[in-house]
Amino acid sequence: VFRRGTITRGACFAAGYGMESKVSVIVPVFRVEAYLPTCVDSILGQTYRNIELILVDDGSDDGCPAMCDAYAAADARVRCIHKQNGGQAFARRDGVAVATGDYFLFADSDDWLEPDAIERFVRTAEVNKADVVCSGYRRVYPNRTFDTVLCTEETVYAGEAVRTIQRRLIGPVADELRFVEAVDRLTPMWAKLYSARVIAAGKWVSERETGSLEDAIFNLYAFRACRVCVLIPYCLYDYRKDNRNATTLRYRPQLAEQWERVYAYMEEFMQETGTGDDCRIALNNRMALGCLGLSFNELAGKRPARERRRSLAALLRQERRRRALDTLEYAYLPRKWRLFYGLCRRGRAGTVLMMTWLVQRLKSVRSK
């Protein structure tokens, strides 16, 4: 792994890094009438022009199908696919199947890109001969925006060092636990530029099977084909946080079982690739840290407090989760999180829910 200063836009294009490479942008579309124009316009208005935009209408039952067709009729760079609803992951897969780009970029249909995002991605990829380029992103609330950065300066992972990225996708270890909120910053498929070769190595699993983290599974397998990965210190992707229809804001009754499938996929990957103890520790830490997500999920359910408490208590008592909590690397956690996960370890579901509610309230106040 090494770091270096960022090459300027003018210098790169003067050196011959133009717009020869084609970028396929894949956007799954489902019930986003209010947000789709912002997303599509941000892509078609990019400073980098050699793109194709593939809108995958995933059986949307609002005005989105007609909007997609209108964009395709107005701009030759836009292609539209209409399909039965199958979920976001498979909509992306179907978009990839018809794409013709040298590079691939994914965007959710309620988010958008910075005007020069693709230009910066391609420039970085071609200067470094990189297979994957990852940027930070902005979390956009109605009245405030927060930058989520991946690094302070351009960082290149080459050869065996790419394995570090894969391990981080599995979970955090040691000092990384000091930033619990940053555990999955590398997980999303958006805010990344992929080479076509890397995309072909990815593993497609449905969010309906895994509940979330299907992006982590895809990336784990995709990065097997990655020779060079570059992290850049920019926020090129804008992640909308006020879409009340977003899946992450709903109660998901099967979430715990779905996450067990995620862990199974990760274990399968580890067996296939012969990973070491660091990956096993990382997965154990992910299982333990997942108690926060499970507690948030219980709060999202419209059920009496007693039922929420009973449900979370049962989850905390599950043997595999208890083992993960027993061996979590508590020494690296900040004090507040040592307290929180210590309470999870002791099965104190009521207090855990109360602390989760306080975290939720603080996040809500901070975002206003």
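Being a predicted model, the structure only gives us computed values, none of them experimental.

Attention shifts here to a nonpolar patch on the surface. There is a patch of nonpolar side chains on the surface, built from M354, W357 and L358 and spanning about 330 Å² of accessible area. Note on placement: L358 falls in helix α15 (residues 349-367).

Before going further, it helps to examine empty space enclosed by the protein. It is a probe the size of a water molecule, rolled over the atoms, that shows where empty space is left. Per the stated rule, a full pass over the model turns up two cavities of 30 Å³ or more. Taken as a whole, the second largest cavity encloses approximately 30 Å³ of empty space. Lining the second largest cavity we find A89, R92, M189, W204, V205, E214, D215 and F218. Looking at the lining of the second largest cavity, the elements with two or more residues in it are α4 (88-98) and α9 (214-222).

In contact at an axis separation of 9 Å, helix α14 (residues 335-345) and α15 are set at 145 degrees when each is read in the N-to-C sense. In this structure, α14 uses K336, W337, L339, F340, L343 and C344 to contact α15, whose residues at the interface are T351, V352, M355, T356 and V359. Here the contact of α14 with α15 is built from residues that sort into eight nonpolar, two polar and one charged.

Below, the discussion takes up the packing of aromatic side chains. Counted by the stated rule, this structure contains 13 aromatic pairs. Between W190 and Y237, the ring centres sit 4.6 Å apart and the planes meet at 5 degrees, which makes this aromatic pair stacked. Here W190 is found in the loop between α6 (162-170) and β10 (192-195), whereas its partner Y237 is found in strand β11 (residues 228-240), with 47 residues between them in sequence. A relative accessible area of 7% means that W190 is categorised as buried. Taking the centre distance of 4.5 Å and the plane angle of 50 degrees together, the rings of W204 and F218 count as tilted. Note that W204 is positioned in the loop between α7 (196-201) and α8 (207-210) and F218 in helix α9, a separation of 14 residues in sequence. Residue classification places W204 among the partly exposed residues on the basis of a relative accessible area of 22%. With a relative accessible area of 1%, F218 lands in the buried category. Each member of the aromatic cluster is reached from another via a ring pair, and the members are F106, Y194, W204 and F218. A cation sits over an aromatic face here: R120 above Y234, 4.2 Å from the ring centre. Of note, K203 hangs over the ring of Y221, and the distance from its end group to the ring centre comes to 5.2 Å.

Before going further, it helps to spend a moment on the pairing of β10. The alternating pattern of β10 places K192 and Y194 on one face and L193 and S195 on the opposite face, and all of these are buried. Sheet analysis places strand β5 (residues 103-106) next to β10, joined by three bridges and oriented antiparallel. Bridge pairing in β10 links Y103 to S195. Here strand β7 (residues 132-140) pairs with β10 via three bridges, running antiparallel. When the bridges of β10 are listed, V133 appears paired with L193.

Turning our attention to the layout of surface pockets. When its volume is computed, the second largest pocket comes out at roughly 300 Å³. Its residues assigned to classes, the lining of the second largest pocket comprises eight nonpolar, two polar and four charged.

Here the protein chain averages 93 in pLDDT, while 93% of its residues score no lower than 70. Contacts for the low-pLDDT stretch residues 6-16, under 50 throughout, to residues beyond four places or in other chains number 17 contacts.

With 77 residues, the main nonpolar core has C229, L231, L333 and Y341 as its most contacted residues. By residue number, the principal contributor to this core is helix α11 (residues 277-300), which donates ten residues. Formed by 41 residues, the second largest nonpolar core is a distinct cluster that contains A107, F121, I232 and Y237.

On to helix α3 (residues 64-74), then. What α3 keeps buried is the set C64, P65, C68 and Y71. Each buried residue of α3 lies within a common arc of 125 degrees when the element is viewed along its axis, so the set occupies one face. For α3, the exposed residues set more than 90 degrees away from the buried face come down to A66, A73 and A74. Each element contacted by the buried residues of α3 is listed here: β2 (23-29), α2 (36-44), β3 (51-58) and β4 (78-83).

This part is about the side chain of N284. As for its position among the elements, N284 is in helix α11. Sequence-distant contacts of N284, defined by excluding residues within four places in its chain, comprise R323, A324, T327 and L328.

Right, let's talk about the pairing of strand β8 (residues 145-148) for a bit. Residues F146 and T148 line the buried face of β8, whereas the alternating positions T145 and D147 sit on a face that is not buried. Taken together, the four bridges between β7 and β8 define a ladder with antiparallel strand orientation. Note that in β8 the partner of R138 across the bridge is D147. Taking the residues that link successive antiparallel strands as the turn, the β7-β8 hairpin has four residues.

Between α11 and α15, the shortest axis-to-axis distance is 9 Å and the interhelical angle comes to 80 degrees. Judged by the angle between their axes, α11 and α15 are roughly perpendicular. Mapping the contact onto sequence places L292, S295, F296, E298 and L299 in α11 and V352, L353, T356, W357, V359 and Q360 in α15.

About the cut-offs
Residues numbered from 1 in each chain as written. Predicted model: local features only at pLDDT ≥ 70, side-chain atom pairs only at ≥ 80, totals over all residues. Heavy atoms only, no water. Patch = residues over 30% accessible without salt bridge, like charges linked within 9 Å, V, L, I, M, F, W, Y side chains within 5 Å. Areas by Shrake-Rupley, 256 points an atom, 1.4 Å probe, with all protein chains shown as cover. Salt bridge = Lys/Arg side-chain N within 4 Å of Asp/Glu carboxyl O. Helix = DSSP H or I, 4+ residues; strand = E, 2+ residues; numbered from the N terminus. 1 Å grid on protein atoms, 1.4 Å probe; cavity = no way out; pocket = protein on both sides within 12 Å on 5 of 7 lines; lining within 4 Å. Points joined across faces, edges and corners; volume = space filled by probe spheres on them. Axes fitted to C-alpha atoms, helices over the stretch in contact; angles between N-to-C directions. Contact = heavy atoms within 4.5 Å. Nonpolar A, V, L, I, M, F, W, Y, C, P; charged D, E, K, R; others polar. Phe/Tyr/Trp six-rings, centres within 6.5 Å; stacked < 30°, edge-to-face > 60°. Buried < 20%, exposed > 50% of the residue type's maximum accessible area, 1.4 Å probe, protein only. Lys NZ or Arg CZ within 6 Å of the ring centre and 35° of its normal. Pairing = 2+ DSSP bridges. pLDDT = per-residue confidence, 0-100. Core = buried A, V, L, I, M, F, W, Y, C linked by side-chain atoms within 4.5 Å. Arc of directions from axis to C-beta. Parallel < 35°, antiparallel > 145°, perpendicular 65-115°, else oblique.

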